[in-house]
Amino acid sequence: MSDTVIKLDKLTKAYGKVKVVNEFNLEVKRGHIYGLIGPNGAGKTTIMKMMAGLTSVTKGSMEFFGDKNLDKNRPRMSFMIENPILDINMTARENLEYVGYLKGIPSQEKYDEILEFVGLGKVGKKRAGNFSLGMRQRLGIAMAIISEPEVLVLDEPVNGLDPEGIVDVRNLLTKLSQEKNVTILISSHLLSELSEFCTDYAIINHGQLVETISAEELRIKCENHITIKTDDIPATTAVLEQKLGIKEYKVVHNEEIHVFEKVDELMTISKTITDAGLTILKFVAEGANLEEYYLSKVGGEHA
Amino acid sequence: MLKLAKADIYRFFKSGIFSKILILLSCLLPIVMFLISLTFKHNDAGLDDFLIESQMPLLMIVMLAIPTIFAVFVGTSYNSRLAYYEIMDGNKPLKIVVTKIISLGLLLSTIVYVPFAILCGIVGGVNGFGNMENPVLFFVLTYVIFAHIIIATLLYSMIARNLILASFIPYIRMGFLDLLVTMFGEVYFLADGKDVPAFFDVFIYNQMGKFTSGVYSNSFVVYTILSAVIEIAVLASIAVMVYRKKKFK
């Protein structure tokens, strides 16, 4: 059995001359939880839509379970892209049963079990149209997992959930991954949340893959960064790039620089900066988190 | 295919569409009966006279009310994106389209056809079929016309994939284009004292006008069946192509 369940090779989606996804590569290993992170408009949803068959691929190829016959393997996967897809005139159970019929799920007891599992066990005959955003989100997840898929593709699954709901979803996904070896590809803006359970991250910006990194690698990389504050930030960045060859840094609020490379070369860095005639106001080795690391990769106005 | 059909039928009955159709039919029936009573004065007339005298109200009801219901049903599944489950589950476009024609198309055609058939059956049973040469052919042809309207509407909705568009296209197609072509044929040819060419029988409006006569020429039967098969085949092909383009919101 192939260890790679999803392989995206130079996946490209263009609308006219605009490429929203540009030669995106990704390999998702069985049992892993991949966090697909990137700013709005980075192409995350488009990638998921291409995987789901909801939008055509301009260029590149995809493989599911080592097979290029995507339609054959899509039944082994479940997708929840953008908002949950529900019939607002049906109850939660009826919505589940509808998906059950589509996927040929015979067990009736399973519907109640899943509803209980996602916290919708007591909604009774209430129609989905009267559900809160969080309840719809839970039902969407229930509809995605009812068929016990081998791969779950979730686009912003915790949108609209209260903190308790977010924790529930996190626990649910972790449980699915650990107990049933379900592979999960998830996108979310809540990076702190992703960092709680993702095993791998794919950072995307302007439709291109910036980096794939495992949680372990990220932990090591984020363990330290050097925060530098000088009297001339632009000149300092020039020194970092030209004299030290440092590329992985981020200017934060135009006041200080977070350096993610050569974090164990404190002496060299500080000496090079002072040798360049700059005055160091702050020079501290600090830890970073996923959010800071992400911002260091994709930039952004808050960086 | 069976799974798709089961899911469609399940949603049809559970999402309230079926009950809405029942309500609509039960509201329309007294109106139809009232309109019929205005024009139909011979209580002992056979089915052929009954149809001729009451054809307009029936035509209006069938033409305008029925397509809208189905357009709404199919259109909502695209607006709510519920139809996307079928695609995300790896079903081929051809399979999806054919399943919709078989399950929803034929099911809905039958649901709508049954009240009409019962009404005609009662009149025919009580007063006889008059000059109608072949009552069985009458029922077959009317079912073909009903199925043609409904399946075409279903496919138009699948092509439009939008509730509002899906609701309007059947009106434009049935109530406007068909009517105009038929009127053109009548004005252009009848005004010159000629018969309207048999070819015009491919248009449903013309078919509905003629099936009430109870006397069917061979060309009428052929054109009625052929027009249904050709339009459904063309629309189904377009629907498959539209699905293959994968431009889902």
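Remember, it's a predicted structure, so these values are computed and weren't measured experimentally.

The rules behind these values
- Residues numbered from 1 in each chain as written.
- Chains lettered and ligands numbered in written order.
- Predicted model: local features only at pLDDT ≥ 70, side-chain atom pairs only at ≥ 80, totals over all residues.
- Heavy atoms only, no water.
- Helix = DSSP H or I, 4+ residues; strand = E, 2+ residues; numbered from the N terminus.
- Buried < 20%, exposed > 50% of the residue type's maximum accessible area, 1.4 Å probe, protein only.
- Areas by Shrake-Rupley, 256 points an atom, 1.4 Å probe, with all protein chains shown as cover.
- Lys, Arg positive; Asp, Glu negative; His and termini not counted.
- Charge placed at Lys NZ, Arg CZ, Asp CG, Glu CD.
- Contact = heavy atoms within 4.5 Å.
- Buried area = accessible area lost by both parts, 1.4 Å probe.
- Salt bridge = Lys/Arg side-chain N within 4 Å of Asp/Glu carboxyl O.
- Polar contact = N/O pair within 3.5 Å; in protein donor to acceptor, adjacent residues only side chain to side chain.
- Arc of directions from axis to C-beta.
- Core = buried A, V, L, I, M, F, W, Y, C linked by side-chain atoms within 4.5 Å.

1. Here we look at the overall build of chain B
Link 1 in the chain: Helix and strand counts for chain B come out as 10 helices and 0 strands.
Link 2 in the chain: The buried share among the 249 residues of chain B stands at 51%.
Link 3 in the chain: Of the roughly 11,300 Å² that chain B leaves accessible, carbon and sulfur atoms contribute 73%.

2. Here's the deal with the overall build of chain A
Link 1 in the chain: The helix and strand inventory of chain A stands at 11 helices and 13 strands.
Link 2 in the chain: Burial statistics for chain A: of 303 residues in total, 52% are counted as buried.
Link 3 in the chain: In the structure as shown, chain A presents an accessible area of about 13,600 Å², 47% of it carried by carbon and sulfur atoms.
Link 4 in the chain: The positive charge centre, built from 36 side chains, and the negative charge centre, built from 44, are 6 Å apart in chain A.

3. Observations concerning the interface of chain A and chain B
Link 1 in the chain: Opposite the 28 residues of chain A that make contact, chain B presents 25 residues.
Link 2 in the chain: A combined buried area of about 2,700 Å² lies between chain A and chain B, and 57% of that area is made up of carbon and sulfur atoms.
Link 3 in the chain: When residues of chain A are sorted by the area they lose upon contact with chain B, I85, Y98 and L102 of chain A head the list and together hold 28% of the total.
Link 4 in the chain: Counting across the interface, chain A meets chain B through 4 salt bridges.
Link 5 in the chain: In this structure, D71 of chain A engages K92 of chain B in a salt bridge whose closest nitrogen and oxygen atoms are separated by 3.4 Å.
Link 6 in the chain: On inspection of chain A and its partner chain B, the count reaches 7 residue pairs in polar contact (both at pLDDT 80 or more).

4. With respect to helix α4 (residues 109–117) of chain A
Residue and element names in this part refer to chain A.
Link 1 in the chain: Every buried residue belonging to α4 is among K110, Y111, I114 and L115, and all of these are buried. In a view along the axis of α4, the buried residues occupy a sector of 135°, so they form one face of it. The outward face of α4, more than 90 degrees from its buried face, is lined by the exposed residues E109 and E113.
Link 2 in the chain: The inward-facing, buried residues of α4 abut α3 (92–103) and α5 (133–145).
Link 3 in the chain: One or two residues past the end of α4 sits G119, with phi positive at roughly 80°.

5. Brief notes about the nonpolar core
Link 1 in the chain: In terms of nonpolar packing, the biggest core is built from 108 residues, with M51 and L139 of chain A together with L155 of chain B touching the most fellow members.
Link 2 in the chain: A per-element tally of this core places α5 of chain A first, with 7 residues.
Link 3 in the chain: Not counting residues within four places of it along the chain, the set of residues in contact with L139 of chain A comprises L86, A92, N95, L96, L115, L120, A128 and F131 of chain A.
Link 4 in the chain: In terms of nonpolar packing, the next biggest core, distinct from the first, is built from 30 residues, F12, C120, I149 and Y216 of chain B among them.

6. Digging into the pattern of salt bridges
Link 1 in the chain: Counting across every chain of the model gives 19 salt bridges over all chains.
Link 2 in the chain: Residues E82 of chain A and K49 of chain A are paired through a salt bridge, measuring 4.0 Å at the closest nitrogen-oxygen approach. Here E82 of chain A is found in the loop between β5 (77–80) and α3, whereas its partner K49 of chain A is found in helix α1 (residues 44–52), with 33 residues between them in sequence.
Link 3 in the chain: Between K100 of chain B and E86 of chain B there is a salt bridge; the shortest N-O distance is 2.7 Å. Of this pair, K100 of chain B sits in helix α6 (residues 93–127) while E86 of chain B is found in helix α5 (residues 84–88), placing the two residues 14 residues apart along the sequence. You'll find K100 of chain B and E86 of chain B in the same group, each marked buried.

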